Amino acid sequence: MKRSTVIYIIVFAFMLIGCGILVLASDHNGSGATATVYLDGEIVAVVDLNTVTETWTLAVGGNTVEFSPGHVRMLDACCPDGLCVRQGYASAGKPVICLPNRVMLVISGSADTGVDAIAG
Amino acid sequence: MKRLSVLFLTLCILLTGCAGSYCETRAAFAMDTDILVTAYGSRFTVGGAIDRALAVLNEADTRLSAVDTGSELYRLNETGAAELSDATAALLARALTLADVTGGTFDPTVYPCVQAWGFTSTDKRVPDADELLTLRAYGSYSDVTLDGNTAVLRTGMALDFGGIAKGYTADVMANALRDAGVTSAVISLGGNVRAVGSKPDGSPWRIGPRNPYSLDASFAVVQVMDCSVVTSGSYQRYFERDGVTYHHILDPSTGAPARTGLVSVTVIGSDGALADAYATALFVMGLDDALKFQKTQGDFEAVFVTENREIVATSGLAGVLSDISSDYTLRYAG
(Lines give C-alpha, C1' and ligand atoms only; values in the text may rest on other atoms or scores of the structure.)
Protein backbone atom coordinates (compact mmCIF):
# COMPACT_ATOMS: atom_id res chain seq x y z
CA MET A 1 0.00 0.00 0.00
CA LYS A 2 1.27 3.45 -0.92
CA ARG A 3 2.29 5.78 1.86
CA SER A 4 -0.17 8.47 0.74
CA THR A 5 -3.03 5.96 0.82
CA VAL A 6 -2.14 5.04 4.39
CA ILE A 7 -2.18 8.73 5.34
CA TYR A 8 -5.61 9.14 3.73
CA ILE A 9 -6.94 6.14 5.69
CA ILE A 10 -5.53 7.44 8.97
CA VAL A 11 -6.95 10.95 8.43
CA PHE A 12 -10.32 9.46 7.46
CA ALA A 13 -10.35 7.30 10.60
CA PHE A 14 -9.70 10.39 12.74
CA MET A 15 -12.51 12.21 10.95
CA LEU A 16 -14.89 9.35 11.67
CA ILE A 17 -14.01 9.50 15.35
CA GLY A 18 -14.37 13.30 15.29
CA CYS A 19 -17.76 12.95 13.64
CA GLY A 20 -18.84 10.54 16.36
CA ILE A 21 -17.85 13.06 19.01
CA LEU A 22 -19.68 15.85 17.15
CA VAL A 23 -22.85 13.75 16.90
CA LEU A 24 -22.68 13.05 20.64
CA ALA A 25 -21.95 16.69 21.43
CA SER A 26 -24.77 18.00 19.30
CA ASP A 27 -27.28 15.34 20.30
CA HIS A 28 -30.75 16.81 20.23
CA ASN A 29 -32.68 16.47 23.45
CA GLY A 30 -34.91 13.72 22.13
CA SER A 31 -37.80 14.17 19.75
CA GLY A 32 -40.49 14.61 22.38
CA ALA A 33 -41.46 17.57 24.54
CA THR A 34 -39.89 17.71 27.98
CA ALA A 35 -41.43 19.70 30.82
CA THR A 36 -39.05 21.09 33.42
CA VAL A 37 -40.50 22.38 36.68
CA TYR A 38 -38.50 25.05 38.50
CA LEU A 39 -38.93 26.32 42.05
CA ASP A 40 -36.93 29.47 42.81
CA GLY A 41 -34.63 28.74 39.86
CA GLU A 42 -33.91 25.16 40.94
CA ILE A 43 -35.11 22.16 38.92
CA VAL A 44 -37.55 20.06 40.95
CA ALA A 45 -38.89 17.77 38.19
CA VAL A 46 -38.17 16.87 34.57
CA VAL A 47 -40.93 14.96 32.78
CA ASP A 48 -41.00 13.57 29.22
CA LEU A 49 -44.58 14.49 28.31
CA ASN A 50 -44.72 11.78 25.62
CA THR A 51 -44.42 9.13 28.32
CA VAL A 52 -47.32 10.51 30.36
CA THR A 53 -50.30 8.21 29.83
CA GLU A 54 -52.64 9.44 32.55
CA THR A 55 -53.16 12.69 34.42
CA TRP A 56 -51.23 13.22 37.63
CA THR A 57 -50.33 16.19 39.81
CA LEU A 58 -47.29 17.46 41.69
CA ALA A 59 -47.28 19.92 44.61
CA VAL A 60 -44.57 22.59 44.14
CA GLY A 61 -44.10 25.68 46.31
CA GLY A 62 -47.77 26.06 47.22
CA ASN A 63 -48.88 25.39 43.63
CA THR A 64 -50.25 22.25 42.00
CA VAL A 65 -48.77 21.26 38.63
CA GLU A 66 -50.83 18.94 36.44
CA PHE A 67 -49.23 16.58 33.90
CA SER A 68 -51.39 14.95 31.24
CA PRO A 69 -50.47 13.20 27.97
CA GLY A 70 -48.39 15.77 26.04
CA HIS A 71 -49.32 18.68 28.34
CA VAL A 72 -48.44 20.45 31.57
CA ARG A 73 -50.18 23.35 33.32
CA MET A 74 -50.56 25.05 36.68
CA LEU A 75 -53.76 23.53 38.01
CA ASP A 76 -53.87 25.53 41.22
CA ALA A 77 -51.88 28.29 42.91
CA CYS A 78 -52.10 29.74 46.40
CA CYS A 79 -51.11 33.26 45.22
CA PRO A 80 -53.83 35.97 45.13
CA ASP A 81 -53.87 36.71 41.38
CA GLY A 82 -53.84 33.15 39.96
CA LEU A 83 -52.40 34.49 36.68
CA CYS A 84 -50.41 31.31 36.08
CA VAL A 85 -53.52 29.13 36.32
CA ARG A 86 -55.18 31.23 33.62
CA GLN A 87 -52.15 30.86 31.31
CA GLY A 88 -53.27 27.32 30.46
CA TYR A 89 -50.84 24.75 29.08
CA ALA A 90 -47.15 25.60 28.72
CA SER A 91 -45.60 25.37 25.26
CA ALA A 92 -42.18 26.00 23.71
CA GLY A 93 -41.45 29.73 23.97
CA LYS A 94 -44.42 30.21 26.30
CA PRO A 95 -43.50 29.05 29.80
CA VAL A 96 -46.11 29.21 32.55
CA ILE A 97 -44.83 31.40 35.37
CA CYS A 98 -46.00 32.00 38.93
CA LEU A 99 -43.91 34.97 40.06
CA PRO A 100 -45.24 35.20 43.65
CA ASN A 101 -44.34 31.56 44.37
CA ARG A 102 -41.40 31.45 41.93
CA VAL A 103 -42.65 28.36 40.12
CA MET A 104 -42.00 27.98 36.39
CA LEU A 105 -43.07 25.35 33.84
CA VAL A 106 -40.74 25.31 30.84
CA ILE A 107 -41.15 23.19 27.69
CA SER A 108 -38.21 22.18 25.57
CA GLY A 109 -37.72 19.81 22.65
CA SER A 110 -41.23 20.13 21.22
CA ALA A 111 -42.27 21.04 17.70
CA ASP A 112 -42.28 24.71 16.67
CA THR A 113 -45.29 26.46 18.18
CA GLY A 114 -44.88 29.63 16.15
CA VAL A 115 -42.79 31.80 18.48
CA ASP A 116 -39.45 31.36 20.21
CA ALA A 117 -40.24 33.84 22.98
CA ILE A 118 -42.97 36.23 24.08
CA ALA A 119 -41.99 39.88 24.61
CA GLY A 120 -43.85 41.84 27.25
CA MET B 1 -5.14 8.35 -6.46
CA LYS B 2 -7.30 11.05 -8.08
CA ARG B 3 -10.42 9.00 -7.40
CA LEU B 4 -9.36 8.51 -3.78
CA SER B 5 -8.86 12.27 -3.39
CA VAL B 6 -12.34 13.00 -4.76
CA LEU B 7 -13.85 10.40 -2.40
CA PHE B 8 -11.91 11.89 0.50
CA LEU B 9 -13.09 15.43 -0.26
CA THR B 10 -16.70 14.27 -0.66
CA LEU B 11 -16.55 12.53 2.71
CA CYS B 12 -15.08 15.66 4.29
CA ILE B 13 -18.04 17.70 3.04
CA LEU B 14 -20.55 15.10 4.22
CA LEU B 15 -18.96 14.75 7.64
CA THR B 16 -19.10 18.47 8.32
CA GLY B 17 -22.89 18.12 8.12
CA CYS B 18 -22.83 15.92 11.21
CA ALA B 19 -22.66 18.91 13.48
CA GLY B 20 -26.26 19.44 14.51
CA SER B 21 -27.22 21.53 17.50
CA TYR B 22 -27.67 20.69 21.15
CA CYS B 23 -30.22 22.86 22.96
CA GLU B 24 -30.41 23.71 26.63
CA THR B 25 -33.00 25.87 28.42
CA ARG B 26 -32.43 27.21 31.92
CA ALA B 27 -34.81 29.23 34.13
CA ALA B 28 -34.04 31.48 37.08
CA PHE B 29 -35.54 34.32 39.11
CA ALA B 30 -33.69 37.62 39.37
CA MET B 31 -34.42 41.35 38.99
CA ASP B 32 -37.82 40.66 40.51
CA THR B 33 -38.85 38.64 37.46
CA ASP B 34 -38.54 35.33 35.64
CA ILE B 35 -35.45 34.63 33.54
CA LEU B 36 -35.28 32.14 30.68
CA VAL B 37 -32.17 31.36 28.63
CA THR B 38 -32.24 28.95 25.67
CA ALA B 39 -28.92 28.34 23.94
CA TYR B 40 -27.86 26.10 21.06
CA GLY B 41 -24.46 24.69 20.24
CA SER B 42 -22.15 21.94 21.36
CA ARG B 43 -23.14 19.88 24.38
CA PHE B 44 -19.65 20.63 25.74
CA THR B 45 -20.04 24.42 25.71
CA VAL B 46 -23.72 25.32 26.11
CA GLY B 47 -24.11 24.47 29.82
CA GLY B 48 -21.01 26.42 30.82
CA ALA B 49 -22.04 29.35 28.62
CA ILE B 50 -25.44 29.58 30.33
CA ASP B 51 -23.70 29.39 33.72
CA ARG B 52 -21.62 32.44 32.72
CA ALA B 53 -24.67 34.32 31.47
CA LEU B 54 -26.55 33.66 34.72
CA ALA B 55 -23.48 34.71 36.73
CA VAL B 56 -23.34 38.12 35.01
CA LEU B 57 -27.10 38.45 35.52
CA ASN B 58 -26.74 37.92 39.26
CA GLU B 59 -23.79 40.31 39.38
CA ALA B 60 -25.82 43.02 37.59
CA ASP B 61 -28.82 42.39 39.85
CA THR B 62 -26.62 42.83 42.92
CA ARG B 63 -25.39 46.21 41.66
CA LEU B 64 -28.54 47.67 40.15
CA SER B 65 -31.44 46.77 42.43
CA ALA B 66 -33.25 49.77 43.92
CA VAL B 67 -34.64 47.70 46.81
CA ASP B 68 -31.72 45.44 47.77
CA THR B 69 -30.01 47.18 50.70
CA GLY B 70 -26.59 45.91 49.56
CA SER B 71 -26.73 47.35 46.03
CA GLU B 72 -24.78 50.34 44.71
CA LEU B 73 -28.00 52.04 43.64
CA TYR B 74 -29.59 51.61 47.05
CA ARG B 75 -26.51 53.14 48.66
CA LEU B 76 -26.65 56.11 46.27
CA ASN B 77 -30.36 56.66 46.96
CA GLU B 78 -29.86 56.43 50.72
CA THR B 79 -26.85 58.70 51.03
CA GLY B 80 -27.35 61.01 48.03
CA ALA B 81 -23.75 60.52 46.89
CA ALA B 82 -21.73 57.44 46.08
CA GLU B 83 -18.66 56.20 44.26
CA LEU B 84 -19.98 53.74 41.67
CA SER B 85 -18.26 50.83 39.96
CA ASP B 86 -17.19 51.42 36.35
CA ALA B 87 -20.08 49.36 34.99
CA THR B 88 -22.76 51.07 37.10
CA ALA B 89 -21.35 54.54 36.36
CA ALA B 90 -21.41 53.72 32.64
CA LEU B 91 -25.03 52.59 32.87
CA LEU B 92 -26.01 55.74 34.78
CA ALA B 93 -24.30 57.87 32.12
CA ARG B 94 -26.20 55.95 29.44
CA ALA B 95 -29.50 56.36 31.31
CA LEU B 96 -28.95 60.13 31.63
CA THR B 97 -28.10 60.40 27.92
CA LEU B 98 -31.22 58.45 26.92
CA ALA B 99 -33.32 60.59 29.28
CA ASP B 100 -31.96 63.67 27.52
CA VAL B 101 -32.50 62.26 24.01
CA THR B 102 -36.11 61.36 24.86
CA GLY B 103 -36.80 64.80 26.32
CA GLY B 104 -37.28 63.32 29.79
CA THR B 105 -40.09 60.93 28.80
CA PHE B 106 -37.73 58.26 30.09
CA ASP B 107 -36.37 59.48 33.41
CA PRO B 108 -34.81 57.26 36.11
CA THR B 109 -35.46 59.98 38.71
CA VAL B 110 -39.21 59.30 38.74
CA TYR B 111 -38.55 56.64 41.40
CA PRO B 112 -39.97 58.55 44.41
CA CYS B 113 -43.32 58.65 42.55
CA VAL B 114 -43.08 54.91 41.79
CA GLN B 115 -42.69 54.38 45.54
CA ALA B 116 -45.57 56.76 46.33
CA TRP B 117 -47.91 54.70 44.15
CA GLY B 118 -46.75 51.55 45.97
CA PHE B 119 -45.47 49.83 42.82
CA THR B 120 -42.41 48.67 44.75
CA SER B 121 -44.51 47.10 47.50
CA THR B 122 -47.79 45.30 48.04
CA ASP B 123 -49.45 48.43 49.47
CA LYS B 124 -50.85 50.30 46.48
CA ARG B 125 -52.28 53.79 46.93
CA VAL B 126 -53.37 56.78 44.82
CA PRO B 127 -51.25 59.84 45.70
CA ASP B 128 -52.81 63.22 44.86
CA ALA B 129 -51.40 65.52 42.19
CA ASP B 130 -49.80 67.90 44.74
CA GLU B 131 -47.88 65.08 46.41
CA LEU B 132 -46.61 63.86 43.04
CA LEU B 133 -45.54 67.35 41.94
CA THR B 134 -43.71 67.82 45.24
CA LEU B 135 -41.85 64.56 44.65
CA ARG B 136 -41.00 65.55 41.06
CA ALA B 137 -39.77 68.96 42.26
CA TYR B 138 -36.87 67.23 44.05
CA GLY B 139 -35.19 67.00 40.67
CA SER B 140 -35.07 65.34 37.26
CA TYR B 141 -32.36 63.57 35.25
CA SER B 142 -30.60 66.90 34.53
CA ASP B 143 -30.09 67.38 38.28
CA VAL B 144 -28.02 64.20 38.64
CA THR B 145 -24.31 64.90 38.79
CA LEU B 146 -21.94 62.25 37.50
CA ASP B 147 -18.28 63.18 37.76
CA GLY B 148 -16.12 60.21 36.82
CA ASN B 149 -17.61 57.42 38.89
CA THR B 150 -18.97 59.75 41.59
CA ALA B 151 -22.73 60.26 41.45
CA VAL B 152 -24.49 62.95 43.45
CA LEU B 153 -28.25 63.46 43.83
CA ARG B 154 -30.14 66.46 45.13
CA THR B 155 -31.93 66.07 48.46
CA GLY B 156 -35.05 63.94 48.13
CA MET B 157 -34.08 62.48 44.75
CA ALA B 158 -33.81 58.75 44.11
CA LEU B 159 -32.97 56.72 41.01
CA ASP B 160 -34.42 53.52 39.61
CA PHE B 161 -32.91 51.57 36.71
CA GLY B 162 -36.17 49.64 36.24
CA GLY B 163 -36.64 51.12 32.76
CA ILE B 164 -33.20 50.19 31.45
CA ALA B 165 -31.57 47.51 33.65
CA LYS B 166 -33.16 44.48 32.01
CA GLY B 167 -32.30 45.61 28.48
CA TYR B 168 -28.75 46.41 29.55
CA THR B 169 -28.37 43.10 31.40
CA ALA B 170 -29.74 41.11 28.45
CA ASP B 171 -26.98 42.66 26.31
CA VAL B 172 -24.33 41.76 28.89
CA MET B 173 -25.68 38.20 29.08
CA ALA B 174 -25.67 37.94 25.28
CA ASN B 175 -22.00 38.98 25.26
CA ALA B 176 -21.21 36.37 27.92
CA LEU B 177 -22.86 33.67 25.80
CA ARG B 178 -20.93 34.78 22.69
CA ASP B 179 -17.65 34.88 24.63
CA ALA B 180 -18.32 31.30 25.69
CA GLY B 181 -18.81 30.22 22.07
CA VAL B 182 -22.60 30.33 21.72
CA THR B 183 -23.82 31.94 18.50
CA SER B 184 -27.48 30.98 18.72
CA ALA B 185 -29.57 31.80 21.78
CA VAL B 186 -32.61 33.64 23.04
CA ILE B 187 -32.76 35.34 26.45
CA SER B 188 -35.90 36.57 28.20
CA LEU B 189 -35.77 38.75 31.30
CA GLY B 190 -39.42 38.87 32.25
CA GLY B 191 -40.43 39.34 28.63
CA ASN B 192 -37.53 41.64 27.79
CA VAL B 193 -36.17 39.49 24.94
CA ARG B 194 -32.67 39.42 23.45
CA ALA B 195 -31.95 37.28 20.38
CA VAL B 196 -28.35 36.15 19.94
CA GLY B 197 -27.45 35.38 16.33
CA SER B 198 -30.03 33.38 14.42
CA LYS B 199 -31.70 30.03 14.98
CA PRO B 200 -29.36 27.07 14.50
CA ASP B 201 -30.72 26.58 10.96
CA GLY B 202 -29.82 30.19 10.09
CA SER B 203 -33.40 31.48 10.05
CA PRO B 204 -34.43 34.50 12.18
CA TRP B 205 -35.84 34.12 15.67
CA ARG B 206 -39.60 34.53 15.87
CA ILE B 207 -40.49 36.81 18.80
CA GLY B 208 -44.12 37.48 19.67
CA PRO B 209 -45.07 40.72 21.45
CA ARG B 210 -47.67 39.83 24.09
CA ASN B 211 -51.30 40.44 23.24
CA PRO B 212 -52.56 42.95 25.86
CA TYR B 213 -56.09 41.59 25.52
CA SER B 214 -55.13 37.89 25.60
CA LEU B 215 -52.08 37.60 27.80
CA ASP B 216 -51.19 33.99 27.01
CA ALA B 217 -50.73 34.81 23.31
CA SER B 218 -48.87 37.23 21.07
CA PHE B 219 -50.57 39.70 18.70
CA ALA B 220 -47.91 39.33 15.97
CA VAL B 221 -44.50 37.88 15.23
CA VAL B 222 -41.34 39.87 14.55
CA GLN B 223 -38.47 38.01 12.92
CA VAL B 224 -35.11 39.18 14.21
CA MET B 225 -31.43 38.27 14.45
CA ASP B 226 -29.00 39.76 17.00
CA CYS B 227 -31.66 42.09 18.26
CA SER B 228 -33.62 43.10 21.35
CA VAL B 229 -37.41 43.10 21.45
CA VAL B 230 -38.74 45.01 24.45
CA THR B 231 -42.36 45.75 25.31
CA SER B 232 -43.79 48.26 27.78
CA GLY B 233 -47.46 47.68 28.42
CA SER B 234 -50.06 49.07 30.80
CA TYR B 235 -51.22 45.49 31.43
CA GLN B 236 -47.88 44.46 32.97
CA ARG B 237 -48.31 46.02 36.41
CA TYR B 238 -51.44 47.80 37.58
CA PHE B 239 -54.08 48.01 40.27
CA GLU B 240 -57.67 49.17 40.46
CA ARG B 241 -59.13 51.62 42.95
CA ASP B 242 -62.75 52.88 42.90
CA GLY B 243 -63.26 51.58 39.38
CA VAL B 244 -60.15 53.29 37.98
CA THR B 245 -57.13 51.36 36.71
CA TYR B 246 -53.69 52.74 37.53
CA HIS B 247 -50.71 51.27 35.67
CA HIS B 248 -46.98 51.48 36.40
CA ILE B 249 -45.71 53.50 33.40
CA LEU B 250 -45.49 56.95 34.94
CA ASP B 251 -45.23 60.20 32.98
CA PRO B 252 -42.18 61.92 34.53
CA SER B 253 -43.77 65.35 33.96
CA THR B 254 -46.67 64.54 36.31
CA GLY B 255 -45.61 61.45 38.25
CA ALA B 256 -48.95 59.84 37.30
CA PRO B 257 -49.67 56.92 34.94
CA ALA B 258 -49.23 58.02 31.32
CA ARG B 259 -52.63 58.03 29.57
CA THR B 260 -51.90 58.47 25.89
CA GLY B 261 -54.31 56.00 24.27
CA LEU B 262 -51.60 53.35 24.02
CA VAL B 263 -51.80 49.92 25.63
CA SER B 264 -48.35 48.69 24.69
CA VAL B 265 -45.22 49.74 22.84
CA THR B 266 -42.70 47.23 21.50
CA VAL B 267 -39.26 48.48 20.47
CA ILE B 268 -36.99 46.42 18.22
CA GLY B 269 -33.35 47.44 18.15
CA SER B 270 -29.81 46.14 18.29
CA ASP B 271 -29.11 47.92 21.60
CA GLY B 272 -31.02 46.37 24.50
CA ALA B 273 -30.58 49.27 26.94
CA LEU B 274 -31.82 51.73 24.32
CA ALA B 275 -34.77 49.50 23.37
CA ASP B 276 -35.75 49.16 27.03
CA ALA B 277 -35.60 52.90 27.75
CA TYR B 278 -37.35 53.82 24.49
CA ALA B 279 -40.21 51.37 25.12
CA THR B 280 -41.08 53.41 28.23
CA ALA B 281 -40.38 56.76 26.59
CA LEU B 282 -42.52 56.07 23.51
CA PHE B 283 -45.42 54.94 25.70
CA VAL B 284 -45.23 58.25 27.58
CA MET B 285 -44.91 60.31 24.37
CA GLY B 286 -48.06 58.87 22.83
CA LEU B 287 -48.41 57.63 19.26
CA ASP B 288 -47.97 60.82 17.23
CA ASP B 289 -44.93 62.15 19.08
CA ALA B 290 -43.42 58.64 19.26
CA LEU B 291 -43.65 58.22 15.48
CA LYS B 292 -42.01 61.63 14.96
CA PHE B 293 -39.27 60.65 17.42
CA GLN B 294 -38.66 57.35 15.63
CA LYS B 295 -38.24 59.17 12.31
CA THR B 296 -35.66 61.54 13.75
CA GLN B 297 -33.68 58.77 15.49
CA GLY B 298 -33.89 55.91 13.01
CA ASP B 299 -31.89 53.45 15.11
CA PHE B 300 -34.88 51.30 16.10
CA GLU B 301 -38.32 50.15 14.93
CA ALA B 302 -41.51 50.06 16.99
CA VAL B 303 -44.97 48.51 17.15
CA PHE B 304 -47.78 50.28 19.00
CA VAL B 305 -51.06 48.81 20.24
CA THR B 306 -53.77 51.41 20.83
CA GLU B 307 -56.83 51.31 23.04
CA ASN B 308 -58.84 51.11 19.77
CA ARG B 309 -57.20 47.77 19.04
CA GLU B 310 -55.17 49.16 16.21
CA ILE B 311 -51.60 48.03 15.60
CA VAL B 312 -49.36 50.76 14.21
CA ALA B 313 -45.91 49.68 13.02
CA THR B 314 -43.00 51.78 11.79
CA SER B 315 -42.30 51.36 8.09
CA GLY B 316 -39.04 49.49 8.62
CA LEU B 317 -41.01 46.52 9.92
CA ALA B 318 -42.72 45.81 6.59
CA GLY B 319 -41.79 42.22 5.79
CA VAL B 320 -40.54 41.63 9.34
CA LEU B 321 -43.92 41.68 11.07
CA SER B 322 -46.25 38.75 10.44
CA ASP B 323 -48.94 36.55 12.01
CA ILE B 324 -51.12 39.53 13.00
CA SER B 325 -53.94 38.58 15.37
CA SER B 326 -57.40 38.92 13.83
CA ASP B 327 -58.41 40.96 16.91
CA TYR B 328 -56.56 43.95 15.46
CA THR B 329 -56.23 46.13 12.39
CA LEU B 330 -52.72 46.89 11.20
CA ARG B 331 -51.30 49.97 9.55
CA TYR B 332 -47.76 51.05 8.81
CA ALA B 333 -46.83 54.62 9.70
CA GLY B 334 -45.43 56.97 7.11
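Residues numbered from 1 in each chain as written. Chains lettered and ligands numbered in written order. Predicted model: local features only at pLDDT ≥ 70, side-chain atom pairs only at ≥ 80, totals over all residues.

K.L.:
Tell me about the overall build of chain B, and name the residues and values.
P.N.:
In terms of helices and strands, chain B carries 9 helices and 20 strands. Taken against the 2.2 N^0.38 rule, which gives 20 Å for 334 residues, the C-alpha radius of gyration of chain B at 22 Å falls within 12% of a compact globule. Expressed as a percentage of contacts within chain B between residues at least 6 apart in sequence, the contacts between residues at least 24 apart total 56%. (Helix = DSSP H or I, 4+ residues; strand = E, 2+ residues; numbered from the N terminus. Rg over C-alpha atoms; globule rule 2.2 N^0.38 Å. Contact = placed C-beta atoms within 7 Å.)

K.L.:
Go over helix α4 (residues 86–101) of chain B, please, and point to the residues and values.
P.N.:
Residues and elements named next belong to chain B. Taking 1.5 Å of rise per residue, the 16 residues of α4 would be expected to cover 22 Å, and the 22 Å separating its terminal C-alpha atoms lies within 8% of that figure. Of all the positions in α4, only Thr88, Leu91, Leu92, Ala95, Leu96, Leu98 and Ala99 are classed as buried. Looking down the long axis of α4, one finds its buried residues gathered within 165° of arc, a one-sided arrangement. Of the surrounding secondary structure, the elements contacted by the buried residues of α4 are α2 (43–64), α3 (72–79), β4 (145–147), β5 (150–152), α7 (165–179) and α8 (272–285). At the exit of α4 stands Gly103, carrying a positive phi of roughly 65°. (Expected span 1.5 Å × (residues − 1). Buried ≥ 20, exposed ≤ 12 C-beta atoms within 10 Å, placed from the backbone. Arc of directions from axis to C-beta.)

K.L.:
An account of the packing of α2(B) against α7(B) is needed here, citing residue identities and associated values.
P.N.:
Residue and element names in this part refer to chain B. At a closest axis distance of 8 Å, the pairing of α2 and α7 adopts a crossing angle of 150°. Here α7 runs roughly antiparallel to α2, going by the angle between their axes. Between α2 and α7 the crossing geometry is right-handed. Taken together, the residues of α7 that come into contact with α2 (itself represented by Ala49, Arg52, Ala53, Val56, Leu57, Ala60 and Leu64) are Ala165, Thr169, Val172, Met173, Ala176 and Leu177. Its residues assigned to classes, the contact of α2 with α7 comprises 11 nonpolar, 1 polar and 1 charged. (Axes fitted to C-alpha atoms, helices over the stretch in contact; angles between N-to-C directions. Parallel < 35°, antiparallel > 145°, perpendicular 65-115°, else oblique. Left-handed = near helix turned anticlockwise from the far one by under 90°. Nonpolar A, V, L, I, M, F, W, Y, C, P; charged D, E, K, R; others polar.)

K.L.:
Can you break down the sheet that holds strand β6 (residues 184–189) of chain B residue by residue, with the values?
P.N.:
Note on sheets: strands pair through backbone hydrogen bonds, and any given pair is parallel or antiparallel. All names here are of chain B. An order of β1-β2-β6-β7-β11-β16-β17-β18-β20 is seen for the 9 strands of this open sheet, with the pairing classed as mixed. With one partner strand each, in any of the chains shown, β1 (22–30) and β20 (329–333) form the two edges of the open sheet. Recorded for the sheet is a direction-independent mean angle of 15° between the axes of neighbouring strands. Relative to β20, strand β18 (residues 310–314) is paired through 5 bridges, and the arrangement is parallel. Residue pairing across strands places Ile311 opposite Leu330, the latter belonging to β20. In the packing of α8 onto the sheet, contacts are made with β7 (192–197), β11 (227–233), β16 (262–269) and β17 (301–306), and the angle to β16 comes to roughly 155°. (Pairing = 2+ DSSP bridges.)

K.L.:
Explain the nonpolar core to me, and be specific about the residues and the numbers.
P.N.:
A:Leu105, B:Leu177, B:Ile207, B:Val267 and B:Leu282 are the most contacted members of the largest nonpolar core, which has 124 residues in total. Sorting elements by how many residues they give to this core places α8(B) first, with 11 residues. (Core = buried A, V, L, I, M, F, W, Y, C linked by C-beta atoms within 7 Å.)

K.L.:
Describe the domain arrangement of chain B, with residues and values.
P.N.:
Residues and elements named next belong to chain B. In terms of domains, chain B is made up of domain 1 (22–61 + 165–333) and domain 2 (67–152). Distance between the C-alpha centres of domain 1 and domain 2: 22 Å. Counting residues at the interface gives 19 residues for domain 1 and 20 residues for domain 2. Among the elements that line the side of domain 1 that touches domain 2, the one with the most residues is α8, at 8 residues. (Domains from an automatic or database assignment.)

K.L.:
If you had to explain unusual backbone geometry to someone new, which residues and values would you point to?
P.N.:
Residues and elements named next belong to chain B. The backbone of Asp32 shows a phi angle near 60°, a positive value even though the residue is not glycine. Among the secondary structure elements, Asp32 is positioned in the loop between β1 and β2 (33–41). Residue Asp32 is classed as partly exposed on the basis of its C-beta count, with 15 C-beta atoms lying within 10 Å.

K.L.:
I'd like to hear about the packing of α7(B) against α8(B), residue by residue, with values.
P.N.:
Geometrically, a packed helix pair is captured by the angle between its two axes and the distance between the axes. Residues and elements named next belong to chain B. The interhelical angle for the contact between α7 and α8, taken along N-to-C directions, is 160°, at an axis separation of 7 Å. Viewed along their axes, α7 and α8 adopt a mutual orientation that is roughly antiparallel. Between α7 and α8 the crossing geometry is right-handed. Each of Lys166, Gly167, Tyr168, Ala170 and Asp171 in α7 lies in contact with α8, whose residues at this interface are Gly272, Ala273, Ala275 and Asp276. Its residues placed into classes, the contact of α7 with α8 shows 4 nonpolar, 2 polar and 3 charged.

K.L.:
So what's going on with helix α6 (residues 129–136) of chain B? Which residues, and what values?
P.N.:
Residue and element names in this part refer to chain B. Here α6 has its buried residues at Leu132, Leu135 and Arg136. Buried residues of α6, seen end-on, are gathered within an arc of 100° and therefore sit on one face of the element. On its buried side, α6 packs onto α5 (111–117) and β15 (256–257).

K.L.:
Let's hear about the confidence of the model for chain B: which residues, and what values?
P.N.:
With 94% of its residues at a pLDDT of 70 or more, chain B shows a mean pLDDT of 94. Predicted complex, confidence summary: ipTM 0.88, pTM 0.85. (pLDDT = per-residue confidence, 0-100.)

K.L.:
Just give me the short version of the environment of B:Ala302, but keep the residues and values in it.
P.N.:
Inspection of the secondary structure assignment puts B:Ala302 in strand β17. Judged by C-beta crowding, with 25 C-beta atoms within 10 Å, B:Ala302 ranks as buried.

K.L.:
For the sheet that holds β4(B), give the residues involved together with the corresponding values.
P.N.:
Residues and elements named next belong to chain B. Read across the open sheet, the 3 strands follow the order β3-β5-β4; overall the sheet is antiparallel. Single-partner strands in this sheet number two, and they are β3 (81–83) and β4. With direction set aside, neighbouring strand axes in the sheet form an average angle of 15°. Alignment of β3 against β5, held across 3 bridges, turns out to be antiparallel.

K.L.:
Talk me through the pairing of β18(B); I want residue IDs and the actual numbers.
P.N.:
Residues and elements named next belong to chain B. Two strands pair when backbone bridges link them, and β17 and β18 are joined in this way by 3 bridges, in the antiparallel orientation. Paired with Val303 across the bridge in β18 is Ala313. Hairpin geometry of β17 and β18 is characterised by an intervening segment of 3 residues between the two adjacent antiparallel strands and by a positive phi of about 60° at Arg309.

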